[in-house]
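An overview of the molecular structure
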Amino acid sequence: GYGTYDEDLIRQYLTTRECPNVSVLKKMDELVMEQLEKLDDTLSVRDINIHNILKVQPVMFIGGGSELFKEHINRYYRSEVIDNLVVENALMANARGFYEYGIAKFE
């Protein structure tokens, strides 16, 4: 019932939090939070509870999706030990980590 929205426009709405149709932004927020709940459910099958871990140590999110959903992640996974759960330049974090690992391993 909201029509179709261009991917770039959705990305803009999620990052700037400015959307002419407030109900569209609210629906996007609901959908993202549902996905974070599904992540919790998937991890709980392996006895991993990010909420409990965040009480004693940092958990960091990496990847382009984490940059896009940064506000949602920080809101859903409130941490007592770290303010920002998404690493700086999260899109390239994996590549940088593997590069550093390769340097250390093969030097």
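Everything quoted here is computed from the prediction, not taken from an experiment.

Let us now look at the overall build of the chain. Within the chain, the secondary structure is distributed over six helices and zero strands. Mapped from its N terminus to its C terminus, the chain presents α and β elements in the order α-α-α-α-α-α. Taking 13 Å as the expected radius of gyration for a compact globule of 107 residues, we find that the chain reaches 17 Å, considerably beyond that expectation. Seen along its three principal axes, the alpha-carbon backbone of the chain occupies a region of about 55 × 30 × 25 Å. Across the 107 residues of the chain, 26% fall into the buried class. Restricting the contact set of the chain to residue pairs at least 6 apart, pairs at least 24 apart contribute 57%. Looking at the chain as shown, the accessible area adds up to about 7,800 Å², and 54% of this sits on carbon and sulfur atoms. Counting 12 positive and 18 negative side-chain charges, the chain places the centres of these two groups 3 Å from one another.

Per the stated rule, a full pass over the model turns up three aromatic pairs. Feature note: the residues Phe-61, Tyr-76 and Tyr-77 constitute an aromatic cluster, connected by ring pairs.

Attention now moves to the side chain of His-72. Turning to its location among the elements, His-72 is positioned in helix α5 (residues 70–76). In this structure His-72 touches Leu-14, Arg-17, Asp-29, Val-32, Met-33 and Leu-36, once residues within four positions along its chain are discounted.

Moving on: the side chain of Asp-40. Position of Asp-40 among the secondary structure elements: in helix α2 (residues 22–44). Here the side chain of Asp-40 touches Tyr-77 through a polar contact of 2.7 Å, side chain to side chain. Discounting residues that sit within four places of it in the chain, Asp-40 has contacts with His-51, Tyr-76 and Tyr-77.

For α2, spanning 23 residues, the distance from its first C-alpha to its last is 33 Å, which sits close to the expected 33 Å at 1.5 Å a residue. Buried positions along α2 lie against α1 (7–16), α3 (50–53) and α5.

The next point concerns the pattern of salt bridges. Evaluated as defined, the whole model comprises six salt bridges. Salt-bridge contacts for Glu-7 lead to Arg-11; the nearest nitrogen and oxygen are separated by 3.0 Å. Taken together, the residues span about one helical turn, with Glu-7 and Arg-11 both in helix α1 at a distance of four residues. The salt bridge partner of Asp-29 is Arg-17, with a shortest N-O separation of 2.6 Å. Here the residue Asp-29 occupies a position in helix α2, and Arg-17 occupies one in the loop between α1 and α2, the gap between them amounting to 12 residues. Each member of the salt-bridge network shares a partner with another, and the members are Arg-17, Asp-29, Glu-71 and Arg-75.

Grouped together as the largest cluster of nonpolar side chains are 14 residues, with contacts concentrated most on Leu-36, Ile-50, Leu-54, Phe-61, Ile-73, Tyr-77 and Leu-85. Looking at this core, the elements that each hand over two or more residues are α2 and α5. Broken down by element, this core gets its largest block of residues, three residues, from α2. Setting aside anything within four residues of it in sequence, one finds Leu-54 in contact with Val-59, Tyr-77, Arg-78, Ser-79, Glu-80, Val-81, Ile-82 and Leu-85. In terms of nonpolar packing, the next biggest core, distinct from the first, is built from six residues, Tyr-13, Leu-14, Val-24 and Leu-25 among them.

Reading the values: rules and limits
- Residues numbered from 1 in each chain as written.
- Predicted model: local features only at pLDDT ≥ 70, side-chain atom pairs only at ≥ 80, totals over all residues.
- Heavy atoms only, no water.
- Helix = DSSP H or I, 4+ residues; strand = E, 2+ residues; numbered from the N terminus.
- Rg over C-alpha atoms; globule rule 2.2 N^0.38 Å.
- Buried < 20%, exposed > 50% of the residue type's maximum accessible area, 1.4 Å probe, protein only.
- Contact = heavy atoms within 4.5 Å.
- Areas by Shrake-Rupley, 256 points an atom, 1.4 Å probe, with all protein chains shown as cover.
- Lys, Arg positive; Asp, Glu negative; His and termini not counted.
- Charge placed at Lys NZ, Arg CZ, Asp CG, Glu CD.
- Phe/Tyr/Trp six-rings, centres within 6.5 Å; stacked < 30°, edge-to-face > 60°.
- Polar contact = N/O pair within 3.5 Å; in protein donor to acceptor, adjacent residues only side chain to side chain.
- Expected span 1.5 Å × (residues − 1).
- Salt bridge = Lys/Arg side-chain N within 4 Å of Asp/Glu carboxyl O.
- Core = buried A, V, L, I, M, F, W, Y, C linked by side-chain atoms within 4.5 Å.

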